[in-house]
Amino acid sequence: MFDRDVWQEIFNTLKTNKLRTFLTGFSVGWAIFILVMLLASVNGMENGFVGQFNDDATNSIFVRPGTTSKAYAGFEANRRIQLKNDDLEYIKQSFPDDIEYISARYNANATAKYKSETGSYFVQATHPDHQAIEKTLVIAGRYINEADVVNKAKVAVIGRKVAEDLFKTEDPLGKFVEFNGLPFRVIGIFTDDGDDNAERRIYAPISTYQRIYGNTNDINMIALTYNPTYDLTKALEFSRRLEDLMKRRHKIDPEDQAGLYVWNYAEAFENISSFTAVLKGIGIGVGFLILISGIVGIGNIMVFTIKERTKEIGVRKALGARPRQIINLVLLESVFITSLSGFVGLFFAWIILAGVGPMFQTPAFSNPSVNLSTVVTATIILIVAGVLAGLIPAMKAANVKPIVALSDK
Amino acid sequence: MIEIKDLHKSYRMGSNSLHVLKGINFKVDDGELVAIMGSSGSGKSTLLNILGMLDGADSGEYTLDNVPIKNLSETKAAQYRNKFLGFIFQSFNLINYKSALENVALPLYYQKVPRKERQEKAMKYLDRVGLKPWATHLPSELSGGQKQRVAIARAMAAEPKVLLADEPTGALDSKTSYEVMDLIQKINDEGNTILVVTHEEDIAHMCKRIVHLKDGVIVEDKKIEQVRAEQYV
């Protein structure tokens, strides 16, 4: 295969038919170009989606109460469901092996004041586990801990933007900030990969806020993460069990979709994965269809070349060339043209993506790029395509009778 | 060296078949220089095709150097051709993008001789036909006589048992024809067996034996007094 003579012959044919080679090669190069661009676009969409979701732990489940839409167990429809602290404890005790982290959420709004600066912020009162669920990154100080919850401490972890708004250049740690007139000590500052609004948020111990709001036991939502070793099926099965249990506890019709929402990230993730997989499939399919026309083009030109070289092939056979050697020569030539033009297409696609790709940074589309697996896939496709394109011409060449060497037509 | 017994060959032409060779019996010994003569349609080309394993016979026996040639696969035929036979064609059939040297080396390539050895051997044979200084030239830069000498060197490079020449002088003027025949005679003098298909009387008389074909049978097979081509050169 790495025989000088074989390559000499291939280069000679290509050299004597430059324009023809270019035109056929172009169709394959173009096909690969489109294929790579399509795959890169799908890749970009995937990056965009994943980027949006990465904000939270991907194994998280949210349980949110609603209003029943069906009468059930003696209760009328349109009953508002309220989660309480007991629910959290109940879930914790019911699924000790399934749950990794669990936290309640109690939502409130607060007008925060520090010296002369004021601002209105969203306060999320949580348990310490919430940090892991929301993937909150504390850049200074610490997050809420158990002691804070037990002592109902008036402490707050504020977002980076909150710190900028209220404290300007001052270090907020240890300072007291007023939320609706009540002083809270700033114990930490966090940052978030999400948008700016995520950093305009304040975390406080749940118990503190429940006491402020009339010593209530109410909670707005339960956030939890399941055992990270679970695969998708196990995760979905767990969220179903959780949903069933909670519906039974609150006497909600199991068929009632509005009474209680159990939202599983895995499910959403699965939807997106299958969505991008379908897009990828379409991309590959379209690319392939275009590639087929390229293959036909190359096959066509090879048949033509073989026809032109019939006599030469006959002479070679008379001199002792085996059919195998002739087939190899033709196939190698075909694979060579296909691969070379394919790589030119790949190269151009790569140049364009490298130049333009980083400019795309929208939520739904980010950094479309060619990765190694695309290149490897393209290479395999090209070699297979080259073999396919050369197959018929090669067989034609192998069938040339050496007798033609003797005829002087 | 070559032995043929009751060889038959016919071609199908639509519904009727054309009986081209009607029982050829023929024997060539080592070191012979045989001319096969006949008008067109006499079956001499068909005979040469069968001798050259380019075509198969319908019936009869063909033995080459004690090897029966029958029902060969393409690959086997290619191997035997490479090992046993050297071809010289009327239109030279050199590969136009290969230099004289590379053309001569081609049969050796198919014998899987290493490149360096191949080149050395090819150069030796090119030297024997007096074209060493032309080794790097392309066929298009050579005269007709030179091309045929390159083709002869190529036919000999694989050191075959038999050289088959199909109208080797057919495309050459008479002076060049004699030069080529002189070369063929000299090669024969060294003990090589050569078969020459020709329709030219003078060329045939430069061989040592003439076999006359007519309508698919041998009508005459005689040893002759060889005319040396040297005197005309």
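Residue positions within a chain follow its written sequence, with the count starting from 1. Each chain takes a letter, starting from A, and each ligand takes a number, starting from 1, following the order in which they are written. Two thresholds apply to this predicted model, a pLDDT of at least 70 for residue-level local features and 80 or more for giving and counting side-chain atom pairs, whereas whole-chain, interface and lining totals are computed over all residues.

Looking at an unreviewed UniProt entry, one finds chain B named ABC transporter ATP-binding protein, with Flagellimonas hadalis as its source organism. Its UniProt record gives chain B the following Sequence similarities (unreviewed entry) comment, quoted word for word: "Belongs to the ABC transporter superfamily. Macrolide exporter (TC 3.A.1.122) family." UniProt positions are given in the numbering used here, feature names are shortened, and annotations may be inferred rather than shown by experiment.

As recorded in an unreviewed UniProt entry, chain A goes by ABC transporter permease and comes from Flagellimonas hadalis. What the UniProt record of chain A gives under Subcellular location (unreviewed entry) is the line "Cell membrane". As stated in UniProt under Sequence similarities (unreviewed entry), the record for chain A gives "Belongs to the ABC-4 integral membrane protein family."

Side note on the overall build of chain A
Secondary structure elements follow DSSP: runs of H or I no shorter than four residues count as helices, runs of E no shorter than two count as strands, and numbering proceeds from the N terminus. The secondary structure content of chain A amounts to 12 helices and 14 strands. The burial criterion counts other C-beta atoms lying within 10 Å of a residue's C-beta, which is placed from the backbone; the residue is buried at 20 or more, exposed at 12 or fewer, and partly exposed between these limits. By residue count, 38% of the 409 residues in chain A fall in the buried class. Distance between backbone-placed C-beta atoms decides contact: two residues are in contact if it is within 7 Å. A fraction of 80% describes how many contacts in chain A between residues 6 or more apart in sequence connect residues 24 or more apart.

Points about the overall build of chain B
When helices and strands are tallied, chain B shows 7 helices and 10 strands. A burial count over chain B gives 47% of its 233 residues as buried. In chain B, the proportion of contacts linking residues at least 24 apart, taken out of those at least 6 apart, comes to 68%.

Notes on the environment of Ala 125 of chain A
All names here are of chain A. Along the chain, the position of Ala 125 falls in strand 4 (residues 117-126). Overall, Ala 125 belongs to the buried group, with 27 C-beta atoms counted inside 10 Å. The spacing of Ala 125 and Asn 220 is 95 residues in sequence and 9.8 Å in space, taken between C-alpha atoms. Not counting chain neighbours up to four residues away, the residues in contact with Ala 125 comprise Tyr 106, Ala 108, Ala 204, Pro 205, Ile 206, Thr 208 and Tyr 209.

Some details on the sheet that holds strand 1 (residues 2-13) of chain B
Residues and elements named next belong to chain B. The pairing criterion is simple: DSSP has to find at least two bridges between the two strands. Read across the open sheet, the 4 strands follow the order 2-1-4-5; overall the sheet is antiparallel. Pairing within the sheet leaves two strands with one partner each, and these edge strands are strand 2 (16-28) and strand 5 (67-68). One ladder, built from 5 bridges, connects strand 1 with strand 4 (residues 59-64); its direction is antiparallel. The residue bridging Ile 2 from the neighbouring strand is Leu 64, located in strand 4.

What about the interface of chain B and chain A?
With 23 residues of chain B at the contact, the number on the chain A side is 19 residues. The greatest single-element share of the side of chain B that touches chain A, amounting to 6 residues, is contributed by helix 2 (residues 74-84) of chain B. Only Asp, Glu, Lys and Arg are considered charged in this grouping, and only Ala, Val, Leu, Ile, Met, Phe, Trp, Tyr, Cys and Pro are considered nonpolar; every other residue, Gly among them, is considered polar. Tallied by class, residues from the side of chain B that touches chain A come to 10 nonpolar, 8 polar and 5 charged.

So, the sheet that holds strand 10 (residues 217-223) of chain B
In any sheet, the strands associate via hydrogen bonds between backbone groups, in a parallel or an antiparallel arrangement. Residue and element names in this part refer to chain B. The sheet built from 6 strands is open, its strands ordered 6-7-8-3-9-10 with mixed pairing. Among the strands making up the open sheet, the edge pair consists of strand 6 (85-88) and strand 10. Adjacent strand axes in the sheet meet at a mean angle of 20° when their direction is disregarded. Pairing analysis gives 5 bridges linking strand 7 (residues 162-166) to strand 8 (residues 193-197), with the strands arranged parallel. Residue pairing in the sheet places Asp 166 in a bridge with Val 197 of strand 8. Against the sheet, helix 5 (residues 144-157) engages strand 6 and strand 7, with an angle of about 170° to strand 6. Axis definition: a line fitted to C-alpha atoms, limited for helices to the stretch in contact. Angles are taken between N-to-C directions and run from 0 to 180 degrees.

Observations regarding the UniProt feature "transmembrane region" (unreviewed entry) in chain A
Residue and element names in this part refer to chain A. The UniProt feature table records "transmembrane region" (unreviewed entry) at residues 21-42, 282-306, 326-352 and 372-392. As a span, residues 282-306 carries 100% helix and 0% strand, and end to end its C-alpha atoms are 36 Å apart. Helix makes up 100% of residues 372-392 and strand 0%, and the two end C-alpha atoms of the span are 32 Å apart.

A few points about the packing of helix 9 (residues 265-308) of chain A against helix 11 (residues 323-356) of chain A
The description of two helices packed together rests on the angle between their axes and the distance between the axes. All names here are of chain A. Following both chains from N to C, one finds helix 9 and helix 11 inclined at 140°, their axes separated by 11 Å at the closest point. Comparing the axis directions of helix 9 and helix 11 gives the class oblique. Between helix 9 and helix 11 lies a crossing of right-handed hand. Contact residues: Ile 298, Met 302 and Ile 306 in helix 9; Val 330, Ser 334, Ile 337 and Thr 338 in helix 11. Angles below 35 degrees are treated as roughly parallel, those above 145 as roughly antiparallel, those between 65 and 115 as roughly perpendicular, and all remaining angles as oblique. Crossings are sorted by hand: turned counterclockwise from the far helix by less than a right angle, the near helix makes the crossing left-handed, and turned clockwise it makes it right-handed.

Digging into unusual backbone geometry
Trans is the prevailing form of peptide bonds, just as negative phi is the prevailing case for residues other than glycine. We note that Lys 152 of chain A has phi near 50°; this positive angle belongs to a residue other than glycine. Structurally, Lys 152 of chain A is set in the loop between helix 5 (146-151) and strand 6 (155-159).

Let's talk about the pairing of strand 9 (residues 201-205) of chain A
Remark: a regular strand shows side chains that alternate across the two faces of the sheet. Residues and elements named next belong to chain A. With respect to burial, strand 9 is a largely interior element, 5 of its 5 residues being buried. Taken together, the 5 bridges between strand 4 and strand 9 define a ladder with parallel strand orientation. Bridge assignment links Phe 122 to a residue of strand 9, and that residue is Arg 201. Note that strand 6 and strand 9 share 2 bridges and pair antiparallel. Directly across from Ile 158, in strand 9, lies its bridge partner Ile 202.

Concerning the pairing of strand 4 of chain B
Residue and element names in this part refer to chain B. The sheet contact formed by strand 4 and strand 5 spans 2 bridges and is antiparallel. Paired with Thr 63 across the two strands is Pro 68, which belongs to strand 5. In this antiparallel pair of consecutive strands, strand 4 and strand 5, the connection spans 2 residues, and Asp 65 shows a positive phi of 50°.

As for the confidence of the model for chain B
Confidence scores labelled pLDDT are given residue by residue by the predictor and lie between 0 and 100. Per-residue confidence for chain B gives a mean pLDDT of 90, with 100% of residues at or over 70. Among the scores for the predicted complex, ipTM is 0.88 and pTM is 0.65.

A few points about the nonpolar core
Ranked by internal contacts, the top residues of the largest apolar core, which has 115 residues, are Val 36 of chain A together with Val 104 and Leu 195 of chain B. Not counting residues within four places of it along the chain, the set of residues in contact with Val 36 of chain A comprises Leu 346, Ala 349, Val 370, Thr 374 and Ala 378 of chain A. Put simply, a nonpolar core is a cluster of buried Ala, Val, Leu, Ile, Met, Phe, Trp, Tyr and Cys residues tied together by C-beta atoms within 7 Å. Ranked by size, the runner-up nonpolar core spans 50 residues in total, among them Ala 156, Leu 166, Tyr 209 and Ile 219 of chain A.

Structural notes on the environment of Leu 54 of chain B
Topologically, Leu 54 of chain B is positioned in the loop between helix 1 (44-51) and strand 4. What makes Leu 54 of chain B buried here is the crowd of 23 C-beta atoms within 10 Å.

What about the confidence of the model for chain A?
Mean pLDDT over chain A: 85, with 95% of residues reaching 70 or higher. Taken element by element, the predicted model of chain A shows its lowest mean pLDDT in strand 13 (residues 361-362) of chain A (68) and its highest in strand 6 of chain A (94).

Description of the environment of Ile 187 of chain A
Residues and elements named next belong to chain A. Along the chain, Ile 187 turns up in strand 8 (residues 182-191). Considering only alpha carbons, one finds Ile 187 and Leu 173, 14 residues apart in sequence, at a separation of 5.6 Å. Those residues within four positions of Ile 187 in sequence are excluded, and the remaining contacts are Gly 141, Arg 142, Val 155, Ala 156 and Val 157.

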